[in-house]
Amino acid sequence: MTSSLITSSSSGAGAATDVRRPRRRGLKAPGPWLAALPLLAFVALAFGLPAVAMFNGALTVNGSYGLGNLDQSLHGAYRTALLGSLKLAAVTAGIGSVLGLLLAQAVVTSRGRALREAVLTASGVLANFGGVPLAFAFVATLGNAGVLTTRLGLDRHGWSLYSFWGLTLTYLYFLVPLMVLTVAPALDGLRPQWREAALNSGASAWQYWRHVGIPVLLPTLLGGFVLLFGSAFAAYATAAAMVGSSVPLVTLQIADALSGNVLIGQENVALALSLDMILVAALVMAVHLPLQRRSARWLA
Amino acid sequence: MARLIPAGVRPWRGVVLGAAGLYFLVPLIAALVFTVDVPGQGFTLDSYTQIFSADGFTTALLLSLGLGLTTVALALLLTLPAALAVRLSGSGRLRSVLEVVCTLPLVVPPVALVAGIGTVLKWGPDHLATTPLYETFVAVQDPDFPVVLVLAYVVMALPFVYRSLEAGLRAVDVRTLVEAARDLGASWPRAIVSVVLPNLRTALLNASFLALALVLGEFTVAQLLGFQPFAVWIVQASGSNAQLSVAVSLLSLVLTWVLLLALTAVFRTRAARSARAPRSDKTKKEAGA
């Protein structure tokens, strides 16, 4: 009560002139930076500190600063793993973006509200259904003793889940829903009026997509692709639980080095590999963010 | 509106939905068949009946749930004031700072994050053994409730939580809402709790979903730091019993699903109630005054 009296008297000049709002205390929020302070402090501690430790370690060779670890991380088996991860991420993100867009469009344009809600809820769950349970579900389906593998005799046709394409098929299980979640709002944002205007002006459906739909969606689509790329590139659990190390991936290499499965003293190379990953991911983000801002301009 | 969509689109939609349905259902069904139709045994429900008696199952599950709820609470507590402050103050600088801060974790893959955290944790025994800080380092790594995992998970969930809240805030005119509430005499906390938050229901729900699902399925950080929540436990169990691990995987999906649906239901009823509530609330307050 006292504090409210103080605030109202401190903003008294403004309140007095406004007769209809005698209880007005002013909208001035307590310092916005103050409200954000806990978050900023937390990030500095839980994220900044490990990041600094990682940079520091990656650039430390035998106690002094140098680029030896980074150099080592770009050669031999480490290089193969890095390239393997890049290829897997690019392929899965490409396929996932196209399929996700198709699925989202099918759902958004359908009239059934129940279908729409079901698909979006399911996407929300499945987009996070990466990791171990996903790996086991696919092992049970298409692995060596998997239900489909044994019933359809897939292994006789040269099928192996523990391969590049096996991983691709598995990753799509969470990448496609992720794309659906990303593009569905953008597809919703395509105003029906735009379509009506185009069709009324004599445009064909194709022309509408070519000149209105796709250009408006493009930033979201590219942004989605990049998001998928990032998630596939960073994925570890699914691959670790499913293929072990039969497919060379940078995340598996880092985990190996961290848990000391390889030569002692490779921890700093692991940190250098982490730094490589961060550089790739940073590049990806540098593309993603401006695109996201652009799509927000149209679809806000 | 619907009539404007050319009729030719419809079969295409059916094919897409059908194919998607197959792709997403077949692994689940196959996994179910895998667990109940064991070669050499025929139909059996052993994989499921064994779960609760399986070594370490309950501990791992409870640990994951505890970590998940703590993460959601902490993430919302940290992000909500910040996101609101951006919206209410309209400060462009704060907005861009937060945007960068909440995007950076996306740039660092979990494996890299855990590499960094592992390095920091090693400072404890290496450099801080004689300082009081050492106790903190030990405490955050308590295997019964590893706080360090919560820290990592909040960092990992931050981009998603912040974005959901941002999107939710963008959809409502928070400034006007708060202005109106304040003009009517509501205190700051009251304006936030009973006016802004109900309008952010969906965003809060989404944010919580994402964070919770992330934690329940998280494997990388926990495994590499040597803790054993749910996902790590399943992999451990799979070594001795493939059927069991698949059964638990399926259950974890169902569990997540039920949890999310239950949360949705709770939020829906609360939404329905709060749609009616303001009037009676107001009369009560006026009668009291």
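From a predicted model like this one, the values you see are computed outputs, not experimental measurements.

### With respect to the nonpolar core
Inference 1: Among the nonpolar cores identified, the biggest contains 177 residues, and A:L167, A:Y171, B:Y153 and B:L225 are the most heavily contacted of them.
Inference 2: A per-element tally of this core places helix α3 (residues 57-89) of chain B first, with 16 residues.
Inference 3: If sequence neighbours within four positions are ignored, A:Y171 has contacts with A:L88, A:T92, A:A232, A:A235, A:T238, A:A239 and A:L249.

### Some points on the side chain of B:Q243
Residue and element names in this part refer to chain B.
Inference 1: Summarising the element assignment, Q243 is placed in helix α13 (residues 242-288).
Inference 2: Its relative accessible area of 15% is what places Q243 among the buried residues.
Inference 3: Among the polar contacts listed, one links the side chain of Q243 to the backbone oxygen of F34, at a separation of 3.5 Å.

### Remarks on the confidence of the model for chain A
Residue and element names in this part refer to chain A.
Inference 1: Per-residue pLDDT for chain A averages 80, and the proportion of residues at 70 or more is 86%.
Inference 2: The element-level mean pLDDT for chain A is lowest in helix α1 (residues 2-10), coming to 36, with helix α5 (residues 76-108) highest at 92.
Inference 3: Confidence drops under a pLDDT of 50 for residues 1-26, and excluding neighbours within four residues, the segment shows 14 contacts in the predicted structure.

### Observations concerning empty space enclosed by the protein
To find leftover empty space, one rolls a probe the size of a water molecule over the atoms.
Inference 1: The final tally for this structure, using the stated rule, is two cavities of 30 Å³ or more.
Inference 2: Each pocket or cavity is described by its volume, and for the largest cavity that value is around 180 Å³.
Inference 3: In terms of lining residues, the largest cavity is bounded by 16 residues, among which A:P133, B:L216, B:G217, B:S252 and B:T256 are the most central.
Inference 4: The greatest single-element share of the lining of the largest cavity, amounting to four residues, is contributed by α13(B).
Inference 5: Counted as a void, the second largest cavity has a volume near 40 Å³.
Inference 6: Per element, the largest residue contribution to the lining of the second largest cavity is four residues, and it comes from helix α11 (residues 205-234) of chain A.
Inference 7: Partitioned by chemical class, the residues of the lining of the second largest cavity number eight nonpolar, one polar and no charged.

### Observations concerning the UniProt feature "transmembrane region" (unreviewed entry) in chain A
All names here are of chain A.
Inference 1: UniProt records the feature "transmembrane region" (unreviewed entry) for residues 33-55, 88-108, 120-142, 162-187, 216-239 and 269-291 in the present numbering.
Inference 2: Annotated as residues 120-142, this span is 83% helix and 0% strand, and its ends, taken at the C-alpha atoms, are 26 Å apart.
Inference 3: Segment residues 269-291 splits into 100% helix and 0% strand. End C-alpha atoms: 33 Å apart.

### Focus: the interface of chain B and chain A
Inference 1: Taken together, the contact between chain B and chain A spans 88 residues of the former and 83 residues of the latter.
Inference 2: Across the contact surface, chain B and chain A share one salt bridge.
Inference 3: A:R151 is the salt-bridge partner of B:D37, the closest N and O atoms lying 2.8 Å from each other.
Inference 4: At the junction of chain B with chain A, the criterion picks out seven residue pairs in polar contact (both at pLDDT 80 or more).

### Let's talk about the packing of helix α4 (residues 92-107) of chain B against helix α7 (residues 147-171) of chain B
Between two packed helices, what matters for the description is the angle formed by their axes and the separation of those axes.
Residues and elements named next belong to chain B.
Inference 1: One way to put it is that α4 packs onto α7 with a least axis distance of 7 Å and a crossing angle of 135°. Between α4 and α7, the interaxial angle falls into the category oblique. Regarding α4 and α7, the two cross each other, and that crossing is left-handed. Side by side, α4 and α7 meet where R95, L98, E99, C102, T103, P105 and L106 of the first sit next to V155, L158, P159, F160, Y162, R163 and E166 of the second.
Inference 2: Its residues assigned to classes, the contact of α4 with α7 comprises nine nonpolar, one polar and four charged.

### Focus on the packing of α3(B) against α7(B)
Residues and elements named next belong to chain B.
Inference 1: Packing of α3 against α7 brings their axes to within 8 Å, and their N-to-C directions diverge by 45°. If you check the angle between α3 and α7, you find them oblique. As α3 runs across α7, the sense of the crossing is right-handed.
Inference 2: Looking at the contact of α3 with α7 residue by residue, the class counts come to 18 nonpolar, three polar and two charged.

### Points about α3(B)
Residues and elements named next belong to chain B.
Inference 1: In a regular helix each residue adds 1.5 Å, so 33 residues correspond to 48 Å; α3 covers 48 Å between its end C-alpha atoms and thus fits that length.
Inference 2: Its axis deflected by about 25° at T79, α3 carries its strongest bend there, up to four residues before the proline P81.
Inference 3: Among the residues trailing α3, G90 stands out with phi positive, at a value near 65°.

### Brief notes about the UniProt feature "transmembrane region" (unreviewed entry) in chain B
All names here are of chain B.
Inference 1: The UniProt record marks residues 12-36, 56-85, 97-125, 145-162, 209-234 and 246-267 with the feature "transmembrane region" (unreviewed entry), using the residue numbering of this structure.
Inference 2: In this annotation, residues 12-36 is assigned 100% helix and 0% strand; the end-to-end C-alpha distance for the span is 36 Å.
Inference 3: Secondary structure over residues 56-85 splits into 97% helix and 0% strand, and the C-alpha atoms at its two ends are 44 Å apart.

### Re the packing of aromatic side chains
Inference 1: Per the counting criterion, the structure on display carries 12 aromatic pairs over all chains.
Inference 2: For the ring pair A:F225 and A:F229, a centre distance of 6.5 Å and an interplane angle of 40° mean the geometry is tilted. Within this pair, A:F225 and its partner A:F229 are both found in helix α11, separated by four residues, close to a single helical turn.
Inference 3: Accessibility expressed as a relative area gives 11% for A:F229, which makes it buried.
Inference 4: Seen from their ring centres, B:F57 and B:F230 are 6.1 Å apart, and the 70° between their planes marks the pair as edge-to-face. Taken as a pair, B:F57 in helix α3 and B:F230 in helix α12 (residues 230-238) lie far apart in primary sequence, 173 residues in all. For the residue pair B:F57 and B:F230, the accessibility class agrees, reading buried in each case.
Inference 5: A connected cluster of aromatic rings, assembled from ring pairs, spans A:F138, A:Y173, B:Y23 and B:F24.
Inference 6: Stacked on the ring of A:F164, the Lys or Arg A:K87 has its end atom at 4.3 Å from the ring centre.

### Looking at the environment of B:T58
All names here are of chain B.
Inference 1: When you line up the elements, T58 lands in helix α3.
Inference 2: Residue T58 is classed as partly exposed on the basis of its relative accessible area of 42%.
Inference 3: Distance from T58 to P229, taken between C-alpha atoms, is 9.9 Å for residues 171 residues apart in sequence.

### Topic: the environment of A:A281
Inference 1: Along the chain, A:A281 falls in helix α14 (residues 267-299).
Inference 2: Separated by 52 residues in sequence, A:A281 and A:F229 place their C-alpha atoms 8.9 Å apart.

### A closer look at the pattern of salt bridges
Inference 1: Counted under the stated rule, the structure contains four salt bridges over all chains.
Inference 2: Here A:D188 ties to A:R116 by a salt bridge, and the two come within 2.7 Å at their closest N and O atoms. Of this pair, A:D188 sits in helix α9 (residues 164-189) while A:R116 sits in helix α6 (residues 113-126), placing them 72 residues apart in sequence.
Inference 3: For A:D188, a relative accessible area of 39% translates into the label partly exposed.
Inference 4: By sharing partners, the salt bridges in this structure join B:R95, B:E166 and B:R170 into a single network.

Rules used in this analysis
- Counting starts from 1 at the beginning of each chain's written sequence and moves along it residue by residue.
- Following the order in which they are written, the chains are lettered starting with A and the ligands numbered starting with 1.
- Predicted model: local features are reported for residues with pLDDT of at least 70 only, side-chain atom pairs are reported and counted for 80 or more only, and whole-chain, interface and lining totals are derived from all residues.
- Side-chain numbers here rest on the full set of heavy atoms in the structure, without hydrogens or water.
- Grouping buried Ala, Val, Leu, Ile, Met, Phe, Trp, Tyr and Cys residues that are joined through side-chain atoms within 4.5 Å yields what is termed a nonpolar core.
- A 1.4 Å probe rolled over the protein chains alone gives each residue an accessible area, and that area as a share of the maximum for its type sets the label: buried under 20%, exposed over 50%, partly exposed in between.
- Helix and strand assignments follow DSSP, with helices taken as H or I runs no shorter than four residues and strands as E runs no shorter than two, numbered in order from the N terminus.
- Note on contacts: a residue pair qualifies if any of its non-hydrogen atoms lie within 4.5 Å across the two residues.
- The term polar contact refers here to a pair of N or O atoms within 3.5 Å; inside protein, the definition further demands a hydrogen-donor-capable atom paired with an acceptor-capable atom, and it admits residues adjacent in sequence only when both atoms are side-chain atoms.
- How sure the predictor is of each residue is captured by pLDDT, a score from 0 to 100.
- In this analysis a 1.4 Å probe is tested at points of a 1 Å grid over the protein atoms alone, and where it fits but cannot get out there is a cavity; an open set with protein on both sides within 12 Å along at least five of seven lines is a pocket; lining residues have an atom within 4 Å of a point.
- Grid points are joined across faces, edges and corners, and a volume is the space filled by probe spheres set on the points.
- Amino acids outside the nonpolar list (Ala, Val, Leu, Ile, Met, Phe, Trp, Tyr, Cys, Pro) and the charged list (Asp, Glu, Lys, Arg) are all regarded as polar, and Gly is one of them.
- UniProt positions are given in the numbering used here, feature names are shortened, and annotations may be inferred rather than shown by experiment.
- Just to be clear on terms, a salt bridge is a Lys or Arg side-chain nitrogen sitting within 4 Å of an Asp or Glu carboxyl oxygen.
- To get an axis, a line is fitted to the C-alpha atoms, and for a helix only the part in contact is used. The angle between two axes follows their N-to-C directions and goes from 0 to 180 degrees.
- Roughly parallel refers to an angle under 35 degrees, roughly antiparallel to one over 145, roughly perpendicular to one between 65 and 115, and oblique to any angle outside these ranges.
- When the near helix sits turned anticlockwise from the far one by under a right angle, the crossing is termed left-handed; a clockwise turn instead gives a right-handed crossing.
- Each residue after the first adds 1.5 Å to the expected span of a helix.
- Bend is computed residue by residue as the angle between axes fitted to the seven residues ending at the residue and the seven residues starting at it.
- Paired rings are identified among Phe, Tyr and Trp, the last through its six-membered ring, by centres lying within 6.5 Å, and are further divided according to the angle between planes into stacked (under 30 degrees), edge-to-face (over 60) and tilted (the rest).
- Geometrically, a charge over a ring is one whose NZ (Lys) or CZ (Arg) sits within 6 Å of the ring centre while staying within 35 degrees of the ring normal.

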